[in-house]
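Single-letter residue listing:
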Amino acid sequence: MSNKPNTIFKYEGFTTQSLLNLKAQSVYFGSPRNFNDPYDCAITASITDPTTIELEHLREFYISDPNFSAKGKKQLEELSEDELKIQLLRGANVALDKAKEIFLNNNGITCFSERNDDLLMWSHYGGQYKGFCLEFLTEYEPFNNLRKVQYVKKMPIIRMDSFVYDKNLEKLLDDIYCTKSLSWAYEKEWRGLHKQAGTLYTYKPKALKAIYFGPDIEQQALEIICLILAGQNPEVELWKGIRSEFEFKVNFTNFTYTSYIEAKRKGLI
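Caption draft 1: Fine view of the overall build of the chain. Counting secondary structure elements, the chain contains nine helices and 14 strands. The globule rule puts the C-alpha radius of gyration for 269 residues at 18 Å, and the 24 Å found for the chain is more than 25% above it. Along the first, second and third principal axes, the C-alpha atoms of the chain reach 90 × 35 × 30 Å. Looking at the chain alone, contacts between residues at least 24 apart form 82% of all its contacts between residues at least 6 apart. Carbon together with sulfur atoms contributes 52% to the accessible area of the chain, which is approximately 15,300 Å² in total.

The following block contains the structure:
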């Protein structure tokens, strides 16, 4: 996408799993069934009633389909407009529901944000300010193939004719699964989709540009993360979060692990 940011951020709590992922230089594509938003990836798209002209075009489309049985074509020819509308809407809704279940049961999603300083994000996903935030360059996989989440007030609406003619149900569902309530707009989310949930995707070391530590991260936790990075990716930038005394904001100060150890030795931290 043309408006894709150059870098993207992923908030993490300080957990055993987040450390294992960092050590493995991997991001996890989890099941959308575990999301905290009950509507996320479970929203219902409504299909608009086709017009009379659209119905007749759809009738002709199926009648001319060589894969459609002769008996089915004859039944279509005999259906009234209302009967045809009922049949088509029923079939489309069944197909959508089936595709949604397949997606929820099989596909994985990993989530990112355009921002690294959002207070709610640090609270909800950054271990209540005690975790960290990873910054990735979007020129590397899988960060170069992320989808921007759209925030809306109402459920998506799908046109019957585009649903049938395009036959691109996968693209349609991708759009739906990257749609959330306007209430979550503060997340400024981008997400990656994977065909298999539970996949740990390994990225190139250069893809990780920086790491931002929460203002309340424990010293021991910070040192553990720095040691992991020093052993496998010492070029990663290190930034320590500090609560602003003048506004509701987290500021970040750049540091090196060597300078941190020296300051600790002198009792400055």
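Next, the rest of the story.
Caption draft 2: Region of interest: helix 8 (residues 219-232). Between the first and last C-alpha of helix 8 there are 20 Å, a value that for 14 residues agrees with the 20 Å anticipated at 1.5 Å per step. Turning to helix 8, its buried residues are A221, L222, E223, I225, C226, I228 and L229. Along its buried surface, helix 8 packs onto helix 1 (16-23), strand 5 (132-137), strand 12 (208-213), strand 13 (237-243), strand 14 (250-255) and helix 9 (257-265).

Caption draft 3: Representation of the packing of helix 1 against helix 8 within the structure. Two elements in contact, helix 1 and helix 8, have axes separated by 10 Å at closest approach and are oriented at 15°. Considered as vectors, helix 1 and helix 8 are oriented roughly parallel to each other. Considering the relative orientation of helix 1 and helix 8, their crossing is right-handed. Only I224, I225, I228, L229 and Q232 of helix 8 make contact with helix 1, whose side of the interface consists of L19, L22 and K23.

Caption draft 4: A look at empty space enclosed by the protein. A complete count under the given rule lists one cavity of 30 Å³ or more for this structure. There is about 50 Å³ of room inside the largest cavity. Along the walls of the largest cavity sit K10, E12, S18, N21, L22, S26, V27, F132, L134 and Y203, which together make up its complete lining. Sorting the residues of the lining of the largest cavity by element identifies strand 1 (7-12), helix 1, strand 2 (26-29) and strand 5 as the ones contributing at least two each. When residues of the lining of the largest cavity are assigned to their parent elements, the largest contribution, three residues, is made by helix 1.

Caption draft 5: Representation of the layout of surface pockets within the structure. Approximately 700 Å³ is the volume found for the largest pocket. Sorting the residues of the lining of the largest pocket by element identifies strand 1, helix 1, strand 4 (108-113) and strand 10 (189-194) as the ones contributing at least two each. If one sorts the elements of the lining of the largest pocket by residue count, strand 4 sits on top with five residues. For the lining of the largest pocket, the class distribution of residues is nine nonpolar, eleven polar and seven charged.

Caption draft 6: Spatial organisation of the pattern of salt bridges. Under the defined criterion, the tally for this structure stands at ten salt bridges. E56 is paired through a salt bridge with R59; the nearest N and O atoms lie 3.2 Å apart. Highlighted residues: E56 and R59, both in helix 2 (residues 52-63), separated by three residues, approximately one helical turn. Here R115 makes a salt bridge to D118, at a shortest N to O gap of 3.5 Å. A residue is classified by how much of its surface remains accessible, and D118, at 9% relative accessible area, is buried. Residues joined in a network through salt bridges with shared partners are K180, E187, E189 and R191.

Caption draft 7: Region of interest: the packing of aromatic side chains. Within this structure, the stated rule accounts for 17 aromatic pairs. Aromatic side chains Y11 and W122 sit 5.3 Å apart centroid to centroid with 85° between the ring planes, which places their arrangement in the edge-to-face category. Pair noted here: Y11 is in strand 1 and W122 is in helix 5 (residues 119-124), with a separation of 111 residues, a long-range link. Of the two residues, Y11 and W122, both sit in the buried class. With a centroid separation of 5.4 Å and an interplanar angle of 75°, the aromatic rings of F61 and Y62 are classed as edge-to-face. With a relative accessible area of 23%, F61 lands in the partly exposed category. An aromatic cluster of three or more residues is present, and its members are F9, Y11, W122, Y212, W239 and F252. Its end group placed over the ring of F112, K10 keeps NZ or CZ at 4.7 Å from the ring centre. Directly above the ring of Y129 sits R243, whose terminal nitrogen or CZ lies 4.8 Å from the centroid.

Caption draft 8: Up close: unusual backbone geometry. Each neighbour pair has its own omega, and for E141 with P142 the value is -5°, a cis peptide bond. Its place among the elements puts P142 in the loop between strand 5 and strand 6 (147-148). For Q25, which is not a glycine, the phi torsion comes out positive at approximately 50°. Within the secondary structure layout, Q25 lies in the loop between helix 1 and strand 2. For Q128, which is not glycine, the phi dihedral falls at a positive 55°. Relative to the elements of secondary structure, Q128 occurs in the loop between helix 5 and strand 5.

So, how was this worked out
- Residues numbered from 1 in each chain as written.
- Predicted model: local features only at pLDDT ≥ 70, side-chain atom pairs only at ≥ 80, totals over all residues.
- Heavy atoms only, no water.
- Helix = DSSP H or I, 4+ residues; strand = E, 2+ residues; numbered from the N terminus.
- Rg over C-alpha atoms; globule rule 2.2 N^0.38 Å.
- Contact = heavy atoms within 4.5 Å.
- Areas by Shrake-Rupley, 256 points an atom, 1.4 Å probe, with all protein chains shown as cover.
- Expected span 1.5 Å × (residues − 1).
- Buried < 20%, exposed > 50% of the residue type's maximum accessible area, 1.4 Å probe, protein only.
- Axes fitted to C-alpha atoms, helices over the stretch in contact; angles between N-to-C directions.
- Parallel < 35°, antiparallel > 145°, perpendicular 65-115°, else oblique.
- Left-handed = near helix turned anticlockwise from the far one by under 90°.
- 1 Å grid on protein atoms, 1.4 Å probe; cavity = no way out; pocket = protein on both sides within 12 Å on 5 of 7 lines; lining within 4 Å.
- Points joined across faces, edges and corners; volume = space filled by probe spheres on them.
- Nonpolar A, V, L, I, M, F, W, Y, C, P; charged D, E, K, R; others polar.
- Salt bridge = Lys/Arg side-chain N within 4 Å of Asp/Glu carboxyl O.
- Phe/Tyr/Trp six-rings, centres within 6.5 Å; stacked < 30°, edge-to-face > 60°.
- Lys NZ or Arg CZ within 6 Å of the ring centre and 35° of its normal.

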